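Here is what each chain is made of, one letter per residue.
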Amino acid sequence: MKNKLLNLTIVLLGILLAVLMVFTISELYDTGRVYRYKAEDLLRFVREQDYGNMLHCVYMNEAGEVYASEDMKECYAVAHYYEAATFYKAYAQCGKSEEAAKQKKVMEEQKALMGTLTYTAEEIDRKLGLEN
């Protein structure tokens with residue numbers, strides 16, 4: 001009777017060990033995965049004027065070395081324009097004109113890459129209070 005109980009316990013522990021190993025391997029595999037944002041995702045951020053979250057998604061794509069289509073490159077330019085505009089405003093308000101000028105140059109470079117999304121530069125400027 002003791003041998004049967006001991007054998008049953010060993011079998012149950014073996015099954016439990018196998019299940020836990022599969023779960024652990026699955027978790028380790030998922031840890032290395034990076035979500036890839038598509039052009040549709042990024043364009044949704046443009047429609048919603050949620051440029052801060054868009055910038056985060058662009059950085060995630062760039063870190064994951066996601067292939068960028070032409071539409072995505074335009075979205076990337078919008079996000080980088082937003083980032084540069086934010087820094088430009090901060091530097092300008094702090095009186096750091098040299099750094100502000102560098103960010104203004106980045107803004108101009110990114111605006112040239114926006115393609116059909118060039119209109120967002122005006123929206124971003126208005127949103128950040130950079131209107132001339």
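Residues numbered from 1 in each chain as written. Predicted model: local features only at pLDDT ≥ 70, side-chain atom pairs only at ≥ 80, totals over all residues. Heavy atoms only, no water.

Comments concerning the environment of leucine 5
Moving on, step 1. Inspection of the secondary structure puts leucine 5 in helix H1 (residues 2–31).
Moving on, step 2. Sequence separation between leucine 5 and arginine 126 is 121 residues; the distance between their C-alpha atoms is 75 Å. (Helix = DSSP H or I, 4+ residues; strand = E, 2+ residues; numbered from the N terminus.)

With respect to the pattern of salt bridges
Moving on, step 1. On inspection of all chains with the given rule, the structure shows two salt bridges.
Moving on, step 2. In this structure, glutamate 48 engages arginine 44 in a salt bridge whose closest nitrogen and oxygen atoms are separated by 4.0 Å. With glutamate 48 and arginine 44 both in helix H2 (residues 39–48) and four residues apart, the pair spans about one turn of that helix.
Moving on, step 3. For the salt bridge of lysine 73 with glutamate 70, the shortest nitrogen-to-oxygen distance reads 3.7 Å. Here lysine 73 pairs with glutamate 70, and both are found in helix H4 (residues 70–94), just three residues apart, close to one helical turn. (Salt bridge = Lys/Arg side-chain N within 4 Å of Asp/Glu carboxyl O.)

Quick notes on the nonpolar core
Moving on, step 1. In terms of nonpolar packing, the biggest core is built from 29 residues, with Leu42, Met54, Met72, Val78, Tyr81, Ala85 and Ile124 touching the most fellow members.
Moving on, step 2. At the level of elements, H2, helix H3 (51–63), H4 and helix H6 (119–128) are the ones that each hand at least two residues to this core.
Moving on, step 3. Sorting elements by how many residues they give to this core places H4 first, with ten residues.
Moving on, step 4. With near-sequence residues (within four places) excluded, leucine 42 lies in contact with Tyr37, Met54, Cys57, Val58, Asn61, Met72, Cys75 and Tyr76. (Core = buried A, V, L, I, M, F, W, Y, C linked by side-chain atoms within 4.5 Å. Buried < 20%, exposed > 50% of the residue type's maximum accessible area, 1.4 Å probe, protein only. Contact = heavy atoms within 4.5 Å.)

With respect to the packing of aromatic side chains
Moving on, step 1. Enumeration over the complete set of coordinates arrives at two aromatic pairs.
Moving on, step 2. Consider the rings of tyrosine 51 and tyrosine 82, whose centres lie 5.7 Å apart with planes at 35°: the pair is tilted. With a gap of 31 residues between them, tyrosine 51 in helix H3 and tyrosine 82 in helix H4 connect regions that are remote in the sequence.
Moving on, step 3. Look at tyrosine 82 and you get buried, because its relative accessible area is 18%.
Moving on, step 4. Look at phenylalanine 87 and tyrosine 91: their rings are 6.3 Å apart centre to centre, the planes differ by 25°, and that puts the pair in the stacked class. Placement of the pair is phenylalanine 87 and tyrosine 91 together in helix H4, with a separation of four residues, close to one helical turn.
Moving on, step 5. Across the ring face of phenylalanine 45, the terminal group of arginine 44 is positioned such that the distance to the ring centre comes to 4.8 Å.
Moving on, step 6. A cation over a ring is seen here: lysine 104 above tyrosine 88, with NZ or CZ 5.2 Å from the ring centre. (Phe/Tyr/Trp six-rings, centres within 6.5 Å; stacked < 30°, edge-to-face > 60°. Lys NZ or Arg CZ within 6 Å of the ring centre and 35° of its normal.)

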